[in-house]
Amino acid sequence: MFAEVVSASAPTSVSAAGGPDCHLMSGCGFPAPGAEIFLFEDIFTLQLASLEFGFSKVTVLLLLGVVAVVGFFTYAFRKPKLVPRGAQNIGEVGYVFVRDGIAKETIGHGGEKFVPFLFSFFFFVWVLNFFGILPGAQLPATSIFAIPVAFALIVYFTWVPLGMIKQGPIKFFTNMMFPPGVPKPMYILLAPIELISNILVRPFTHAVRLFANMFAGHLLLATFSIAAFYLISASVIGILGSVASFVVTVALTGFEAFIQALQAYIFTLLAAVYIGSALHAEH
Amino acid sequence: MSLLAELTGSIGSIGYGLAAIGPGIGIGIIFGQGVQAIARQPEAYGVIRQNMLLGFALAEALALIGFVVPFVFGA
């Protein structure tokens, strides 16, 4: 999707800042970061028959995310005890949060079955988001558009067939298009809007919401860290600006930590809302 | 065809600014009303908070789409 940006910005190995000597008074303009900070060269490629798999930083972070989530919860629940201690405590708090806070409240009756699905999504998305402020990783894997798209498609192909099974293949769409309690003539306007917004716009916004939040947050952090570096110069205003930018970077890191958890929560919450709408028609 | 007017420069930034107006108002209303609802009925905090965040996410998506579009479709 960033095809134009790729061709515009020379090779992909651009250092995000303008170079080690690029400062306020050295005559180079502010090297504002753009979409090129989300492009990574492949570390190695894997040839499988006619398919080529490129492993970049993002792939590594994805695999690390899987290992972290699976590893932690396997460890936490390896020997479950009636009175939880240590890691099991944390794991249970997370589980109860997803079960009571998301599944039961949003889906209601029949929500129990979807707790593992939502639980996996919540923690996987959260860990991938958290890589954005983890020193060494410094890249939220969900800021690469393909990843939220894949997540949103998994959710989409869960709730649409589910609704077709629970409500009937035709009834599912008519229930969606003709919500009760609306004056009859309004359906001319309402039915197509409801259909488009539920079938087409939902998966799109579901993916874009997560992607854009992480993308914007990462770009914001990059802008202020580059500013802190760029403004270092032999001038009062430069030093003041640099210190201010650094402080803002630290503050924004804390803010990002909050946004990352919130977005993981919202992603899971919306998945639960969609599943709930498939299970019970509005009435 | 002759051009009557042309815009150049950071149109994407202006577009984002315009796209942020609506969601800004919307998010303000959502949290304002949400806090009011919690103040009136503190025992319903869980349900109110959940719906507040849901509404916030839906409104915020518009601003974020406005933010991303200039990057995607180029300057």
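Conventions used here
Residues numbered from 1 in each chain as written. Chains lettered and ligands numbered in written order. Predicted model: local features only at pLDDT ≥ 70, side-chain atom pairs only at ≥ 80, totals over all residues. Heavy atoms only, no water. Helix = DSSP H or I, 4+ residues; strand = E, 2+ residues; numbered from the N terminus. Rg over C-alpha atoms; globule rule 2.2 N^0.38 Å. Buried < 20%, exposed > 50% of the residue type's maximum accessible area, 1.4 Å probe, protein only. Areas by Shrake-Rupley, 256 points an atom, 1.4 Å probe, with all protein chains shown as cover. Core = buried A, V, L, I, M, F, W, Y, C linked by side-chain atoms within 4.5 Å. Contact = heavy atoms within 4.5 Å. Pairing = 2+ DSSP bridges. Axes fitted to C-alpha atoms, helices over the stretch in contact; angles between N-to-C directions. Parallel < 35°, antiparallel > 145°, perpendicular 65-115°, else oblique. Nonpolar A, V, L, I, M, F, W, Y, C, P; charged D, E, K, R; others polar. Phe/Tyr/Trp six-rings, centres within 6.5 Å; stacked < 30°, edge-to-face > 60°. Lys NZ or Arg CZ within 6 Å of the ring centre and 35° of its normal.

### A closer look at the overall build of chain B
- The number of helices and strands found in chain B is 2 helices and 0 strands.
- The globule rule puts the C-alpha radius of gyration for 75 residues at 11 Å, and the 18 Å found for chain B is more than 25% above it.
- For chain B, the spread of C-alpha atoms along the three principal axes comes to 65 × 20 × 20 Å.
- Counting the 75 residues in chain B, one finds 25% classified as buried.
- With an accessible surface of roughly 5,000 Å², chain B has 69% of that area assigned to carbon and sulfur atoms.

### Points about the nonpolar core
- Core analysis: the biggest nonpolar cluster contains 70 residues, and Leu 118, Phe 151, Trp 159 and Phe 215 of chain A have the highest contact counts within it.
- Listing elements by their share of this core, those giving two or more residues are helix H2 (57-76), helix H3 (87-107), helix H4 (115-130), helix H5 (146-167), helix H6 (171-177), helix H7 (187-230) and helix H8 (236-279) of chain A together with helix H2 (45-72) of chain B.
- Per-element tally for this core: the top contributor is H8 of chain A, with 14 residues.
- Ignoring sequence-local partners within four residues, the contact set of Leu 118 of chain A consists of Val 98, Ile 102, Ala 103, Ile 107, Thr 268, Ala 271 and Ala 272 of chain A.

### Brief notes about the pairing of strand S2 (residues 51-55) of chain A
Residue and element names in this part refer to chain A.
- Examined bridge by bridge, strand S1 (residues 44-48) and S2 share 5 bridges and lie antiparallel to one another. From the neighbouring strand, Gln 47 faces S2, where its bridge partner is Glu 52.
- Taken together, S1 and the strand that follows it, S2, pair antiparallel across an intervening segment of 2 residues, in which Ala 49 is found at a positive phi of about 55°.

### Brief notes about the packing of H8 of chain A against H2 of chain B
- Relative orientation of the contacting elements H8 of chain A and H2 of chain B amounts to 100°, with a least axis distance of 10 Å. By the criterion of interaxial angle, the relationship of H8 of chain A to H2 of chain B is roughly perpendicular. Across the interface between the two elements, Leu 262, Gln 263, Tyr 265, Ile 266, Leu 269, Leu 270 and Val 273 of chain A of H8 of chain A pack against Arg 49, Gln 50, Leu 53, Leu 54, Phe 56, Ala 57, Leu 58 and Glu 60 of chain B of H2 of chain B.
- For the contact of H8 of chain A with H2 of chain B, the residue count by class is 11 nonpolar, 2 polar and 2 charged.

### Considerations on the packing of aromatic side chains
All names here are of chain A.
- Applying the stated criterion across every chain, the model contains 31 aromatic pairs over all chains.
- Plain terms: the ring middles of Phe 151 and Phe 267 are 6.2 Å apart, the flat faces sit at 70° to each other, and that makes the pair edge-to-face. With Phe 151 in helix H5 and Phe 267 in helix H8, the pair connects residues that are 116 residues apart, well separated along the chain. Across the pair, exposure class does not vary: Phe 151 and Phe 267 are buried alike.
- Among the aromatic residues, ring-to-ring pairing joins Phe 72, Phe 73, Phe 77, Tyr 95, Phe 97, Phe 119, Phe 122, Phe 123, Trp 126 and Tyr 265 into one connected group.
- Over the ring of Tyr 75 we find Arg 78, and its NZ or CZ is 4.3 Å from the ring centre.
- Its end group placed over the ring of Trp 159, Arg 202 keeps NZ or CZ at 4.9 Å from the ring centre.

Everything listed is a geometric property; what it means functionally is a separate question.
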